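Commentary on secondary and tertiary structure
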Amino acid sequence: TLAVYVPTQLGLDGKLTVWTREAKLVLLLLLFALLSIPQALDSQLAWNGFVDYLKVVLMFIVLINVVRTEGRLRVLLLLVLLVSCVLSIGAIHDYMGGKLDLGGKRIKGVIGGMFDNPNDLALHLVTMIPIALGLLFTSRAFLKKLFYGSAAILMTAGVVVTFSRGGFLALICMGTLLAWRIGRRNKWLILLVVPIILVTFIVLAPGGYGNRLATTSDESALARLDDLKRSIFITLHHPVMGVGMENYILFSNSNHATHNSFTQVSSELGLAALLVYLLFQIAPLRGLAKITRETSDSRRQSHFYYLSVGLAASIIGYMVASFFASVAFLWYVYFLVGYAVCLRRLYEASDEHVL
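Scope of this entry: the structure provided in the associated data block. Being a predicted model, the structure only gives us computed values, none of them experimental. (Residues numbered from 1 in each chain as written. Predicted model: local features only at pLDDT ≥ 70, side-chain atom pairs only at ≥ 80, totals over all residues. Heavy atoms only, no water.)

Enumeration according to the criterion identifies 15 aromatic pairs in this entry. Between the aromatic rings of phenylalanine 262 and phenylalanine 323, the centroid separation amounts to 6.3 Å while the plane-to-plane angle is 45°, which identifies the pairing as tilted. One end of the pair, phenylalanine 262, is in helix α11 (residues 261-269); the other, phenylalanine 323, is in the loop between α13 (305-321) and α14 (332-348), and 61 residues separate them in sequence. Chaining the aromatic ring pairs together yields one cluster made of Tyr53, Phe60, Phe280, Phe329 and Tyr334. (Phe/Tyr/Trp six-rings, centres within 6.5 Å; stacked < 30°, edge-to-face > 60°. Helix = DSSP H or I, 4+ residues; strand = E, 2+ residues; numbered from the N terminus.)

Listed below in structure tokens is the structure:
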């Protein structure tokens, strides 16, 4: 990828990347990761984590520079949704067929890797649902609307069969935001409809789903709470540079990760890195809010309004779900922020942009 990207990018723009706020922040976060290596308890573990994270950052840079047209962005999002539908079908198939793991209680991701954990799979699917809905409201063709609507329903079912509590909370938060934004002229109706949908959702969910959501004192929940407290403790005792990338596990009481992306960053890279990580997620939200505000009156004709609302809900959904998962240095949020940067750049170059 880089062998093609570097000469092409230099030929087109004369520089390796556009210097958006998000690009600067992610490179700064990468610098924190690099600086954490020398003082890590296990420097090899930190180096391996840095190399993996470097790949994520490089592809983020490629993404925000290469996706230069609305057509490219839509094709990329279509590809992501198709893959997410495959993941959802696999999750539903495994649940209905009784193909369960983790003590015979929960499904695994169909392709393993970063989707091997059902909580991480739920996090990904939650962030894809608003994108599908954004494209649904933007599209004019019936078949496209049918596909995007079906994809959203399918991914919602995929989230449910993961039995992820974090995924459910993220689903509620992003769903509420979407309902509020899309139904902005009938907010009183939304306040009545959302609770009804929520109750119906729980009633029709698989057996044991309600009990799973209501359980906060099982072994998994207690272990996560313990690591949350421990990671905060480690952060307070190593506030400047943390204990080194991927090194928190060496300080855990139970040899586990933090199960929280925010304390993962603060405990491993320090409080300054945590601030950068937060700003990296907040910066695109500001840009998306500007697009939403400026295209609100023409949203039925706009190519940007509903997709900006959907991407904002996706990032919010990630922030909620990632409070329960150690995913700060994985691909999830970097793709979402990348899509948001691309949409903002396309908007600023379009006729709809308010000067």
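In this structure, Leu29, Tyr53, Leu73, Tyr277, Tyr318, Tyr334 and Tyr339 are the most contacted members of the largest nonpolar core, which totals 93 residues. Setting aside residues no more than four positions away along its own chain, tyrosine 318 makes contact with Leu123, Thr127, Ser261, Tyr277, Gln281, Val327, Ala328, Tyr332, Val333 and Leu336. (Core = buried A, V, L, I, M, F, W, Y, C linked by side-chain atoms within 4.5 Å. Buried < 20%, exposed > 50% of the residue type's maximum accessible area, 1.4 Å probe, protein only. Contact = heavy atoms within 4.5 Å.)

Attention now moves to the packing of helix α5 (residues 118-138) against helix α7 (residues 165-182). The packing of two helices is summarised by the inter-axis angle and the distance between the axes. It is the contact of α5 with α7, at a shortest axis distance of 9 Å, that shows an interaxial angle of 15°. Viewed along their axes, α5 and α7 adopt a mutual orientation that is roughly parallel. Where α5 crosses over α7, the handedness of that crossing is right-handed. Together, Ala122, Val126, Ile129, Pro130, Leu133 and Phe137 of α5 and Gly167, Ala170, Leu171, Met174, Leu178 and Ile182 of α7 make up the contact between the two elements. Taken together, the residues of the contact of α5 with α7 break down into 11 nonpolar, 1 polar and no charged. (Axes fitted to C-alpha atoms, helices over the stretch in contact; angles between N-to-C directions. Parallel < 35°, antiparallel > 145°, perpendicular 65-115°, else oblique. Left-handed = near helix turned anticlockwise from the far one by under 90°. Nonpolar A, V, L, I, M, F, W, Y, C, P; charged D, E, K, R; others polar.)

Turning our eyes to something else, we now look at the side chain of threonine 20. Looking at the element boundaries, threonine 20 is found in the loop between α1 (2-13) and α2 (21-35). Judged by its relative accessible area of 11%, threonine 20 is buried. Of the polar contacts made by the side chain of threonine 20, one reaches the backbone nitrogen of alanine 23; its length is 3.1 Å. (Polar contact = N/O pair within 3.5 Å; in protein donor to acceptor, adjacent residues only side chain to side chain.)

Function cannot be read off these values alone, since they describe shape.
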